[in-house]
Amino acid sequence: MNTLSGRRTRVLAATTATAGLLLVAACTSSDDGGSGSKTAAGGVELVKGGQLTTCTHLPYPPFQSEIDGKVQGFDVSLIDLVAGDLGVKQEILDTPFENFKTGAFLNSGECDLAAAGMTITDERKKNVDFSDPYFDATQALLVAKGSGISSLAAAKAKKVQLGAQAQTTGEDYVKAQGFDPVSFESSDAVLNGLRSGQVKAVVIDYPVVQGWLKDKANADAFQVADNINTGEQYGFTVKKGNTKLRTAINKALADAKADGTYKKLYEKWIGPYDASVASPAAS
């Protein structure tokens, strides 16, 4: 990865561990907490010495996915900044998404934080503590070109079989609108359901759809029929009461927005940057 203004170079790599898919996302410079101490800069306590362990659910481009054998994406790059500030490396553990709502892997001490393009909700706040919001998200309705489906309302009127990713706010939203969606375990499975004709339309976070449509074959076959502004914001999560790590995450986000790093990462992974919508204020 190229060096960004005011930040050290971070080299992404990936390895497989026997206990599951454990992916090394970044290496910082030599100040990696070398002794293996579980106490990082700022007194932040880590579950493993010398590393910041991140739970995620792969794939979820452009936030995190494996590209050329490396786990990369917008979330990965932002948490690299946190790890750098703490003087450690980031490692990523691929885990089921349903555990993110409960904070199970945080509570069990398997991960320090979760980064999975996760929407901040009052229900989730009961189980985890969120960072400041780092991304404003809308939902998109994706359909095949020539389908005749022009909106979510039209899909409902036509009794279209809809797909969504399980355990997500997109799924919750369409259920609230009266749909009985087919639930898919991952974003890749959502797209494959649309490709195969298992469903005629899907609702999922718009940045994910943007990533799909960068592929010419997808762009030739599918189109966004509707953008649905649900007022969602993404946040990273830590175990309830882990104030020091939450503070470190918020500081890294604020610094990145101030020095231009956030904008560069946004443009790399998401697309054209509009400050009025791209960089949410702290809640």
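Within helix 7 (residues 187–196) the residues assigned to the buried category are Ser-187, Val-190, Leu-191, Gly-193 and Leu-194. When helix 7 is viewed along its axis, its buried side chains cluster within an angular range of 155° and face the same direction.

Per-residue confidence for the chain averages 85 on the pLDDT scale, and 84% of its residues sit at or above 70. Here residues 1–21 is a poorly scored stretch, pLDDT under 50, and it has 56 contacts once near neighbours within four places are set aside; other chains count. Under a pLDDT of 50 for its full length, residues 24–35 has, in the predicted model, 35 contacts with residues more than four places off or in other chains.

Each pair of packed helices can be described by the angle between their axes along with the distance between the axes. Packing of helix 1 (residues 74–86) against helix 11 (residues 261–269) brings their axes to within 9 Å, and their N-to-C directions diverge by 155°. Classified by the angle between their axes, helix 1 and helix 11 sit roughly antiparallel to one another. By crossing handedness, the relation of helix 1 to helix 11 is classed as right-handed. Mapping the contact onto sequence places Phe-74, Ser-77, Leu-78 and Leu-81 in helix 1 and Thr-261, Tyr-262, Leu-265, Tyr-266 and Trp-269 in helix 11. In terms of residue class, the contact of helix 1 with helix 11 is built from 7 nonpolar, 2 polar and no charged.

Evaluated as defined, the whole model comprises 6 salt bridges. Salt-bridge contacts for Lys-89 lead to Glu-91; the nearest nitrogen and oxygen are separated by 3.3 Å. Of the charged contacts, one joins Glu-123 and Lys-126 as a salt bridge, the two residues approaching to 3.1 Å between their closest N and O atoms. Pair check on accessibility: Glu-123 and Lys-126 agree, each one exposed.

The biggest cluster of nonpolar side chains holds 46 residues, and the ones touching the most others in it are Leu-52, Phe-74, Leu-78, Leu-86, Phe-135 and Trp-212. Those elements that place two or more of their residues in this core are helix 1, strand 8 (135–144), helix 7, strand 11 (201–205), helix 8 (206–213), strand 12 (222–234), helix 10 (243–259) and helix 11. In this view, Trp-212 contacts Leu-142, Ser-187, Val-190, Leu-191, Val-202, Ile-204 and Asn-218; residues no more than four positions away in its chain are not counted.

The next point concerns the sheet that holds strand 12. Pairing in this open sheet of 5 strands is mixed, and the strands run 10-9-11-8-12 from one edge to the other. Looking at the sheet topology across the chains shown, the edges are occupied by strand 10 (182–184) and strand 12. Neighbouring strand axes in the sheet, compared pairwise and without regard to direction, differ in orientation by 25° on average. Of the strand pairs in this sheet, strand 8 and strand 12 are connected by 9 bridges, and their pairing is antiparallel. Residue pairing for strand 12: Leu-142 is matched across the bridge by Val-224. Packing against the sheet, helix 7 makes contact with strand 8, strand 9 (162–165), strand 10, strand 11 and strand 12, and its axis sits at approximately 160° to strand 11.

Moving on, we come to the side chain of Asp-205. In this structure, Asp-205 sits in strand 11. For the buried Asp-205, no salt bridge exists, and the shortest N-O distance to an oppositely charged side chain is 8.2 Å, to Arg-124. Side-chain polar atoms of Asp-205 contact the side chain of Tyr-60, separated by 3.0 Å. Leave out the neighbours within four places in its chain, and Asp-205 touches Tyr-60, Gly-117, Ala-137, Thr-138, Gln-139 and Tyr-234.

On inspection of all chains with the given rule, the structure shows 14 aromatic pairs. Ring centres of Phe-74 and Tyr-266 lie 5.9 Å apart, and the angle between their planes is 90°; this geometry places the pair in the edge-to-face category. One end of the pair, Phe-74, is in helix 1; the other, Tyr-266, is in helix 11, with 192 residues separating them in the sequence. You can call Phe-74 buried: its relative accessible area is 0%. Residue classification places Tyr-266 among the buried positions, given a relative accessible area of 8%. Considering the side-chain rings of Tyr-134 and Tyr-234, the 6.2 Å spacing of their centres and the 55° angle between planes classify their relative orientation as tilted. With Tyr-134 in the loop between strand 7 (128–130) and strand 8 and Tyr-234 in strand 12, the pair connects residues that are 100 residues apart, well separated along the chain. Joined through ring pairs, the aromatic side chains of Tyr-60, Phe-63, Phe-74, Tyr-134, Phe-135, Tyr-234, Phe-236, Tyr-262 and Tyr-266 make up one cluster.

What counts, and at which threshold
Residues numbered from 1 in each chain as written. Predicted model: local features only at pLDDT ≥ 70, side-chain atom pairs only at ≥ 80, totals over all residues. Heavy atoms only, no water. Buried < 20%, exposed > 50% of the residue type's maximum accessible area, 1.4 Å probe, protein only. Helix = DSSP H or I, 4+ residues; strand = E, 2+ residues; numbered from the N terminus. Arc of directions from axis to C-beta. pLDDT = per-residue confidence, 0-100. Contact = heavy atoms within 4.5 Å. Axes fitted to C-alpha atoms, helices over the stretch in contact; angles between N-to-C directions. Parallel < 35°, antiparallel > 145°, perpendicular 65-115°, else oblique. Left-handed = near helix turned anticlockwise from the far one by under 90°. Nonpolar A, V, L, I, M, F, W, Y, C, P; charged D, E, K, R; others polar. Salt bridge = Lys/Arg side-chain N within 4 Å of Asp/Glu carboxyl O. Core = buried A, V, L, I, M, F, W, Y, C linked by side-chain atoms within 4.5 Å. Pairing = 2+ DSSP bridges. Lys, Arg positive; Asp, Glu negative; His and termini not counted. Polar contact = N/O pair within 3.5 Å; in protein donor to acceptor, adjacent residues only side chain to side chain. Phe/Tyr/Trp six-rings, centres within 6.5 Å; stacked < 30°, edge-to-face > 60°.

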